[in-house]
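One letter stands for each residue in the lines below.
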Amino acid sequence: MSLAGFNSFDRYVLPHLPLFAICAAAVLIYAGILYYRAKATGMGFGFIIVAVILVILANIYH
């Protein structure tokens, strides 16, 4: 793999990682709410906690 491949990754992918993390967090929050409503409280809170961690990491990375 050439060095140009790494440069394009740094230039086009890495700046969008916080956006990807926020989108994944939104999906996890939605799944957590659905699990919570289905009486699977532990799984629901687990998804919501992971989503919050993703948002914090995206905020740190930004």
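Here the structure is a predicted model, which means the values were calculated and not measured.

## Considering a nonpolar patch on the surface
And then number 1: There is a patch of nonpolar side chains on the surface, built from Tyr36, Phe45, Ile49, Val52, Ile53, Ile56, Leu57 and Ile60 and spanning about 800 Å² of accessible area.
And then number 2: It is helix α3 (residues 41-61) that provides the largest number of residues to the nonpolar patch, a total of seven residues.
And then number 3: With respect to the helices and strands, Ile56 occurs in helix α3.
And then number 4: Of the residues examined, Ile56 reaches a relative accessible area of 46% and is grouped as partly exposed.

## Concerning the environment of Leu54
And then number 1: Its location among the elements puts Leu54 in helix α3.
And then number 2: Given a relative accessible area of 23%, Leu54 falls into the partly exposed group.
And then number 3: Residues Leu54 and Pro18, 36 residues apart in the sequence, show an inter-C-alpha distance of 8.7 Å.
And then number 4: Each residue touching Leu54, except ones within four places of it in the same chain, is listed here: Ala21, Ala24, Ala25 and Leu28.

## Description of the confidence of the model for the protein chain
And then number 1: Per-residue confidence for the protein chain averages 85 on the pLDDT scale, and 90% of its residues sit at or above 70.
And then number 2: Between the elements of the protein chain, mean pLDDT differs from a low of 69, seen in helix α1 (residues 3-13), to a high of 91, seen in helix α2 (residues 17-37).

## Observations concerning the packing of aromatic side chains
And then number 1: This structure, assessed with the given rule, holds two aromatic pairs.
And then number 2: Taking the centre distance of 5.4 Å and the plane angle of 35° together, the rings of Tyr35 and Phe47 count as tilted. Highlighted residues: Tyr35 in helix α2 and Phe47 in helix α3, separated in sequence by twelve residues.
And then number 3: Look at Tyr35 and you get partly exposed, because its relative accessible area is 34%.
And then number 4: With centroids separated by 5.5 Å and ring planes inclined at 50°, the aromatic side chains of Tyr36 and Phe45 adopt a geometry described as tilted.
And then number 5: You can call Phe45 partly exposed: its relative accessible area is 43%.

Reading the values: the criteria
Residues numbered from 1 in each chain as written. Predicted model: local features only at pLDDT ≥ 70, side-chain atom pairs only at ≥ 80, totals over all residues. Heavy atoms only, no water. Patch = residues over 30% accessible without salt bridge, like charges linked within 9 Å, V, L, I, M, F, W, Y side chains within 5 Å. Areas by Shrake-Rupley, 256 points an atom, 1.4 Å probe, with all protein chains shown as cover. Salt bridge = Lys/Arg side-chain N within 4 Å of Asp/Glu carboxyl O. Helix = DSSP H or I, 4+ residues; strand = E, 2+ residues; numbered from the N terminus. Buried < 20%, exposed > 50% of the residue type's maximum accessible area, 1.4 Å probe, protein only. Contact = heavy atoms within 4.5 Å. pLDDT = per-residue confidence, 0-100. Phe/Tyr/Trp six-rings, centres within 6.5 Å; stacked < 30°, edge-to-face > 60°.

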